[in-house]
Protein chains: 4
Amino acid sequence: TKSGSSQSTGTSTAKSYTSQLVDTAEVVREASRKIRTAKIKWDQPQSVLIITKPGDKALVSKTRDLVLWLMTRPRYGVENGLIVYVDSKLQKSRRFQYTDILEKHSVVETHLKFWTPELCRDNSSLFDFVITLGGDGTVLFASWLFQRTVPPVMSFHLGSLGFLTPFDFAKYQHHIDKVIERGVNITLRMRLTCTIYRCTKSSHSSADGQYRVRLRQVRRSKKSATSYVGDWGPCENLEAAGITPDGDGPEMDPMAQVYAKETQRSHQQSSPNGSRVHDQDSMESLPCYTTYPEETFEVLNEVVIDRGPSSSMSMLELFGDDQHLTTVQADGLAIATPTGSTAYSLSAGGSLTHPEIPAILITPLCAHTLSFRPMLLPDSMDLRVCVPFGSRSTAWASFDGRGRVELRQGDHMKITAGSTPFPTVCAEDQSKDWFKSLSKSLKWNDRIRQKSYA
Amino acid sequence: TKSGSSQSTGTSTAKSYTSQLVDTAEVVREASRKIRTAKIKWDQPQSVLIITKPGDKALVSKTRDLVLWLMTRPRYGVENGLIVYVDSKLQKSRRFQYTDILEKHSVVETHLKFWTPELCRDNSSLFDFVITLGGDGTVLFASWLFQRTVPPVMSFHLGSLGFLTPFDFAKYQHHIDKVIERGVNITLRMRLTCTIYRCTKSSHSSADGQYRVRLRQVRRSKKSATSYVGDWGPCENLEAAGITPDGDGPEMDPMAQVYAKETQRSHQQSSPNGSRVHDQDSMESLPCYTTYPEETFEVLNEVVIDRGPSSSMSMLELFGDDQHLTTVQADGLAIATPTGSTAYSLSAGGSLTHPEIPAILITPLCAHTLSFRPMLLPDSMDLRVCVPFGSRSTAWASFDGRGRVELRQGDHMKITAGSTPFPTVCAEDQSKDWFKSLSKSLKWNDRIRQKSYA
Amino acid sequence: TKSGSSQSTGTSTAKSYTSQLVDTAEVVREASRKIRTAKIKWDQPQSVLIITKPGDKALVSKTRDLVLWLMTRPRYGVENGLIVYVDSKLQKSRRFQYTDILEKHSVVETHLKFWTPELCRDNSSLFDFVITLGGDGTVLFASWLFQRTVPPVMSFHLGSLGFLTPFDFAKYQHHIDKVIERGVNITLRMRLTCTIYRCTKSSHSSADGQYRVRLRQVRRSKKSATSYVGDWGPCENLEAAGITPDGDGPEMDPMAQVYAKETQRSHQQSSPNGSRVHDQDSMESLPCYTTYPEETFEVLNEVVIDRGPSSSMSMLELFGDDQHLTTVQADGLAIATPTGSTAYSLSAGGSLTHPEIPAILITPLCAHTLSFRPMLLPDSMDLRVCVPFGSRSTAWASFDGRGRVELRQGDHMKITAGSTPFPTVCAEDQSKDWFKSLSKSLKWNDRIRQKSYA
Amino acid sequence: TKSGSSQSTGTSTAKSYTSQLVDTAEVVREASRKIRTAKIKWDQPQSVLIITKPGDKALVSKTRDLVLWLMTRPRYGVENGLIVYVDSKLQKSRRFQYTDILEKHSVVETHLKFWTPELCRDNSSLFDFVITLGGDGTVLFASWLFQRTVPPVMSFHLGSLGFLTPFDFAKYQHHIDKVIERGVNITLRMRLTCTIYRCTKSSHSSADGQYRVRLRQVRRSKKSATSYVGDWGPCENLEAAGITPDGDGPEMDPMAQVYAKETQRSHQQSSPNGSRVHDQDSMESLPCYTTYPEETFEVLNEVVIDRGPSSSMSMLELFGDDQHLTTVQADGLAIATPTGSTAYSLSAGGSLTHPEIPAILITPLCAHTLSFRPMLLPDSMDLRVCVPFGSRSTAWASFDGRGRVELRQGDHMKITAGSTPFPTVCAEDQSKDWFKSLSKSLKWNDRIRQKSYA
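This section reports on the structure supplied with the text.

Definitions and limits used
- Residues numbered from 1 in each chain as written.
- Chains lettered and ligands numbered in written order.
- Predicted model: local features only at pLDDT ≥ 70, side-chain atom pairs only at ≥ 80, totals over all residues.
- Heavy atoms only, no water.
- Helix = DSSP H or I, 4+ residues; strand = E, 2+ residues; numbered from the N terminus.
- Buried < 20%, exposed > 50% of the residue type's maximum accessible area, 1.4 Å probe, protein only.
- Contact = heavy atoms within 4.5 Å.
- Areas by Shrake-Rupley, 256 points an atom, 1.4 Å probe, with all protein chains shown as cover.
- Buried area = accessible area lost by both parts, 1.4 Å probe.
- Salt bridge = Lys/Arg side-chain N within 4 Å of Asp/Glu carboxyl O.
- Polar contact = N/O pair within 3.5 Å; in protein donor to acceptor, adjacent residues only side chain to side chain.
- Nonpolar A, V, L, I, M, F, W, Y, C, P; charged D, E, K, R; others polar.
- Pairing = 2+ DSSP bridges.
- Axes fitted to C-alpha atoms, helices over the stretch in contact; angles between N-to-C directions.
- Least-squares fit on C-alpha atoms with pLDDT ≥ 70 in both.
- Left-handed = near helix turned anticlockwise from the far one by under 90°.
- Phe/Tyr/Trp six-rings, centres within 6.5 Å; stacked < 30°, edge-to-face > 60°.
- Lys NZ or Arg CZ within 6 Å of the ring centre and 35° of its normal.

1. Section: the overall build of chain A
When helices and strands are counted, chain A shows 12 helices and 25 strands. Here chain A holds 454 residues, and the buried ones make up 59% of them. Contacts in chain A between residues far apart in sequence, at least 24 positions, make up 73% of those at least 6 positions apart. Of the accessible surface of chain A, which amounts to about 18,300 Å², a share of 49% is contributed by carbon and sulfur atoms.

In structure tokens form, the structure reads like this:
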């Protein structure tokens, strides 16, 4: 019978699988519903790091006031307050008056410390939480500082609410006391890990095991003078090149597939006698190409890849889970987190996306085909954006509006959901904060009431 | 010490909470990655229901061929094939020739059965899977038939690939054999449960316990002639009205908050002497309003709420988790699933959304403020779209392009992620199918190669 | 020689033609530059008509004040002021107190008159100019009243600047004096003449010469049962039907071309033996179809043609100068003037268009193909929007947000630049007024200053 | 009486002015209607210049065939054909075989000539018309070559119809004969004249009278350290600087107004004692700034001004007729002709604009405010795009996708309708050609027929 066979094979069936999936979806949905509003107790934080908008001199005295209050406000039954880390540049700032407050407040000696970018990067566990003063840019700067693990971030604006700065600095004492004493909602904001892979003609040493070396054969047809980027070379070639691949074997390079396909086509056009492109006789071996990871950035809003100074449109190949999705003919691409959906992505026509949704937003900049519309992909998908060898111009990448890295022909960028998200402290909860920021920053709810036509 | 206190209270801390969240997100992401590509064994399905594009006479003979092949093709070591359900209208169709095939094929007597809409609705467990023949519209019709649990649906197109019809009918034998023998990928497509709540002046009986009764006090100021929709009446009022609320107590109606606020404002404007709106003396009690759920629809693509025949723009109030999000001044709203992101929502400017993303798409139709952009909200959020009493025109709702229900002033619609998703059989896997459908149906990847400007 | 032949033939040559065109374009451009800023002297206007937002009771006393001031303010060396026409409904308005002011001010007897919609339509030359009080809707109402010639219109807003209401009523005395004494800039706003042509099975009498009768033969193939809408019948058929066409002969109906083509195609599909559709033997004659103009509307903003209450998308055929442009598959079409570019057209995605540009804006509503983008056509082009016989639903038209006329299968609407534009008095000049209205009404210039990212 | 006073003053009245305007509009409309379809006789053209897609070797032999046919085909009763100019690079091309055809065809000696870019620029009257072979890019290249007067251009595509290439090269003999013998429709395509004005600290010599010198005073407040860009200096200052302004006096610089306003504001904020910014005592004089025109480009499609390699968004000030319109915060601006409405402007969201409409299209690239929508301004308006001194980054301009000129802080670009339009030969007429190109190139009319949902 039907049920018998299913028991004997022990396989899951379409029906039971379906209901498992349904159950799972329901559980996940319920979990996220709870997470969205659950308040958690903040466990007596002892240390706080303060980041302010760089270069804004008017902020220095406000920062000093905040620092003194944080250090001297008694907490948890102890006389003194929190240990406070401020930017090491303030130590010598005339406005900050470090020497002066050191004299006047004994607590300064033990509780005031200075941070450097290196300390943030390497010792983020020193800080129980972070306070930022400024606009969304200051929060992005905090994300830039903490490229690995990030402590919870409590962000103050200085008058005008931003998408990432729910707290008003005018009432900082009230807000900080409340957050420490009554607990908080946290929005765990996904970041994107962007890794630049460089193309190089010479093979690349992976002796330290840090780089995953990937090889590609390039052949040239003697007859047609067509270049042909082939399949991955067999192992003996790798050894011949003096390279020991890591355990997983050489990672499949999506570019190879494209190029193989493209050159086959062009080859077939130029060899009317029907000789196959794989015909070894008509090929010569060229040195292998290698791509290796060079740099990695975590972005909170988006990475933008565009044509930079070139006046030609850029041509980019987009891959998802090593499958070729499309060839992008546009001024560029914005690849954004839901957090970034209210920033650059919105300017390029992307949808407003609630920060809880596990998606990556791909928004073309001035796409040259009308059908290339803004798109959302699951955050579990690995994306790659490649600059093909045939591109007339290079591409340029910027990360949360910073950096400016050139991607040359043959390079690519891998973009995945990061493993170190960016936790932000909510003023109310993540939904209310988000809708409020839409309302204030976009004037989202600012409508002109329906008027009578007569 | 810090760690001591956290142990003694037993509360989770911000830090540990954060890392739990990170871990959970990682687990969910990994799970969805696997689900996306995992192939499952189909457990010897015994029965199949066939739905074809209604009214297309050319399909009847194709359907007959398919039916005969399904019944006669031996499976699982047994002489005969599957039990096949066809539309009961075919029983008397001249083209289907039921009597004729009944004579010629003995298997027909035992294996050919007829379905009616009622059978689909009430006994969906009779069918191990569903086959559709036609376009996306036929798949939507299947969703319409199975408003509760849905068997896995395998959809064939008749030449031109649709977003929901990955299989080519020209090779149906190959596809069906492969699916039964080698297993399948399933895309579990979220549906939206849309419930219409009607406003009624008389109180509504809830004796059967099926309706959750909700009451609202409406008062009118004698002085200003302003109507005032108040808070929910206390329990004694409910009893006075002869209504026994169910256990949960009266469900909070988001509309009440809006109206209370609005009328307070208008009242204050018209009473310069400063009398409060809550001043009982200046109020008279009006009969209570009630809303009750009337009808429920499951939609696979979208529900559209628009101004219908009215030439005035519609005014709608949008709520999420009983929080007022915005007042919509537009021709209407499309509220879509990710599946529906390639349908009406796209025409209205929504983003293409991978079917795996747990989101609800809200896309305004010709919004009257430029800041009301297409938006994605978590599928765990409960939405309500209300037609306020002050609206100049009523609104009209349609469900997957069907139905056409009027929402009058005071009515609203509740929209939530449905508990009975729509499982579709993939040709490859859900990502590949989706990208292929974009490519074919939208000509998504159909680009004109970069041309030289000189 | 070359020059010789050109002289002898006397024809214009490509070269000289080109330079003539260049010169003409330059002249037109210079003319429009001057028109844009030229101030003209207003020739001692004697009479003014006042239109206020209907139903707004608060405006009645303001209107009374304005009326009294206009009548009593001495002008041109005469003791009394202007003759003022107000809405005849005010004669019996309790708030307007006609009897009261008649007693108190002798000038009322001679200078206060009452208008009715009929008077506006038939005797617009009675009024030297028009004053409107209210929002853009009141200006649209003025356009509705003056469907033929329109006097210059000076429009006041009551606090919030609209696109069509540049003057602030708070300073009406100042504005009106200045305009009368120092002259004005006028923006001549193009209107669209929208004529509804009805399809009728019976021939239509044109005895009064008012209707231009147009006939169409419809035949049906006996074999294929395909209907076929043929060429226009020859004159003898017209006479046989008892109809005398006017001098120009029957106007060519663009629909006929489409339908002939479409049915030929469908016929050819169903007659594999290759018999021509024009084969008289296989046809039977059906009664002729006629379309005749039924109603005409002048619109200042736009005409919208949409699917109305239907849940099916509408299918419309769009013609320009009797050439088939495209088949519209969308929720509908907005066809707007440049004045209307800031109204409904903008909601549907149209461009902001300076009122001086001689163009008609065609903007689809939720188009079902991504390539159907908003479009601008010359104002010298005649447009027709037809509801084809094959359309599943009818269409509905509204005019400046008013009216609501159903277009059934076979009907169409003709849209041309109107011959009676709508002259509005500028506060400064047409460009400055327009940019100011963008800035205020759209918050166009309301930018958030660039913020530092670090 | 009323009429009497109007006669005595002799001024035009609002009413008569209005009807004059109406008449003018009607005349212009009728003229453009005729121009759109009028066929003109081509006056026996004697000489033709051929431009082909550069670098496309496959075109050389096709060009040779075309050239020989044009020279040898007898015309106007004479034995030989036209005089043909080809690219001087072909003289030494191996594929073109100049020596070979010179030997074989005696006509070559007298009728084949070679063009250089200089010849095109300086002697465009040598050529009766131009033939281009290639895509739209080749037509843009023709526009680039003829920066002053342009002969009529007949453009052939090589298989796929472009927006600017209506003729199919496969039938070139037929098309050319027809055009020469039967006459043509010409579309006179507006170009934009783009002039770059550079800012320089030193005064600029205008001895040759070619440059119009413009000066600006910059002062700095001693108290507030605020820079202040003042009004234009009086004449004595100009003389003191050794500069003789041309007759018109110094052209007003729109930038000055902006900066004066901005710095006044900032000054007032920092001087609470209320001292005016014009208070000479608190100012010191700085060297004057000058802008002078450096380069001029005629563009057929568009000029794009963007942020180039910078990762900061650009800030641009946009002026129309020396009135400040808006501050642009965006990735950049595309300023396009109607011809360019189907090119880059469309990618950025602009409307499709019929080539006959006398308008300039302004389309922001990824605007940072949602209200900055694509806009059409009259072609009689002078536009300026300025890079303010306060901008964090410079801007880059490209012209029809070529060039790449940096605009630094203080520079601006003036954009006006050019005086030398680009005449193109129509295949049918300008409307039919345009709609056909939409249909083919955009797949504009390529619709998926409405499908039944059930």
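2. Comments concerning the interface of chain B and chain C
Taken together, the 23 residues of chain B in the interface contact 23 residues of chain C. In total, chain B and chain C occlude about 1,600 Å² of area from one another, counting both sides; carbon and sulfur atoms represent 53% of this. The three residues of chain B that bury the most area against chain C are B:Ser311, B:Ser347 and B:Cys366, which together make up 30% of that side's buried surface. Summed over the shared surface of chain B and chain C, the number is 2 salt bridges. For B:Arg307, the salt bridge goes to C:Asp306, with nearest N and O atoms at 3.1 Å. At the boundary of chain B and chain C, one finds 8 residue pairs in polar contact (both at pLDDT 80 or more). For the side of chain B that touches chain C, the secondary-structure elements that each account for two or more residues are β14 (302-306), α11 (344-347) and β23 (402-407) of chain B. Residue composition of the side of chain B that touches chain C, by class: 10 nonpolar, 8 polar and 5 charged.

3. A closer look at the sheet that holds strand β19 (residues 359-365) of chain B
Ordered in space as β18(A)-β20(B)-β19(B)-β17(B)-β14(B)-β22(B)-β23(B), the 7 strands form an open sheet in which the pairing is mixed. Each edge of the open sheet is held by one strand with a lone partner, namely β18 (352-353) of chain A together with β23 of chain B. Pairing of β18(A) with strand β20 (residues 375-378) of chain B involves 2 bridges; the strand directions are parallel. When the sheet's bridge partners are listed, A:Thr353 is paired in β20(B) with B:Leu376. Relative to β20(B), helix α12 (residues 430-441) of chain A is tilted by about 165°, and along the sheet it contacts β18 of chain A together with β20 of chain B.

4. What to know about the relation of the copies chain B and chain C
Of the transformation superimposing chain B on chain C, the axial component is 0.0 Å and the angular component is 180°, with the fit at an RMSD of 0.0 Å. One copy is carried onto the other by what is essentially a two-fold rotation axis. Of every C-alpha in chain B, the one belonging to B:Pro309 sits nearest the axis of rotation, 2.3 Å from it. A share of 100% of interface residues in chain B that are also interface residues in chain C marks the association as one of identical surfaces.

5. Examining the sheet that holds strand β22 (residues 395-399) of chain A
Adjacent strands of a sheet pair through backbone hydrogen bonds, lying either parallel or antiparallel. Within the open sheet, the 7 strands sit side by side as β23(A)-β22(A)-β14(A)-β17(A)-β19(A)-β20(A)-β18(B). Their pairing is mixed. Both outer strands of the open sheet, β23 (402-407) of chain A together with β18 (352-353) of chain B, are each paired with one neighbouring strand and no more. Looking at chain direction, β22(A) and β23(A) are connected through 4 bridges and run antiparallel. For A:Ala397, the partnering residue across the bridge sits in β23(A) and is A:Val405. Against the sheet, helix α12 (residues 430-441) of chain B contacts β20 (375-378) of chain A together with β18 of chain B, and its axis sits at roughly 165° relative to β20(A).

6. Here we look at the packing of helix α3 (residues 58-72) of chain D against helix α8 (residues 172-182) of chain D
All names here are of chain D. Remark: α3 packs on α8, axes separated minimally by 11 Å, with the N-to-C direction vectors making an angle of 35°. In the packing of α3 onto α8, the handedness of the crossing is right-handed. Two secondary-structure elements touch here, α3 through Asp 65, Leu 66, Trp 69 and Leu 70 and α8 through Tyr 172, Gln 173, Ile 176 and Asp 177. Looking at the contact of α3 with α8, its residues break down into 5 nonpolar, 1 polar and 2 charged.

7. Some thoughts on unusual backbone geometry
Backbone geometry places B:Asp321, a non-glycine residue, at a positive phi of 45°. With respect to the element layout, B:Asp321 can be found in the loop between β15 (314-320) and β16 (323-330).

8. Observations regarding the packing of aromatic side chains
Tallying each qualifying case throughout the model produces 40 aromatic pairs over all chains. The interplanar angle of 85° and the centroid separation of 5.6 Å between the aromatic rings of C:Trp69 and C:Tyr172 together place this pair among those described as edge-to-face. With C:Trp69 in helix α3 (residues 58-72) and C:Tyr172 in helix α8 (residues 172-182), this residue pair connects regions lying 103 residues apart in the sequence. Accessibility classification places C:Trp69 together with C:Tyr172 in one group, the buried group. On the basis of an interplanar angle of 85° and a centroid distance of 5.8 Å, the ring pair of D:Phe156 and D:Phe169 is categorised as edge-to-face. You can see D:Phe156 sitting in strand β5 (residues 153-157) and its partner D:Phe169 sitting in the loop between β6 (167-168) and α8, a full 13 residues away along the chain. Members of the aromatic cluster, joined through ring pairs, are A:Trp69, A:Phe156, A:Phe167, A:Phe169 and A:Tyr172. Above the ring of B:Trp144, the side-chain terminus of B:Arg402 is found at 4.7 Å from the ring centroid. Seen from the ring of D:Tyr197, D:Arg384 lies directly overhead, with NZ or CZ sitting 5.8 Å from the centre.

9. A look at the side chain of D:Thr132
Residue and element names in this part refer to chain D. Residue position: Thr 132 is located in strand β4 (residues 129-133). Engagement of the side chain of Thr 132 in a polar contact is seen with the side chain of Ser 155, the distance being 3.0 Å. Once you skip the residues sitting within four places of it in the chain, Thr 132 turns out to touch Ile 51, Thr 138, Val 139, Ala 142, Val 153, Met 154, Ser 155 and Phe 156.

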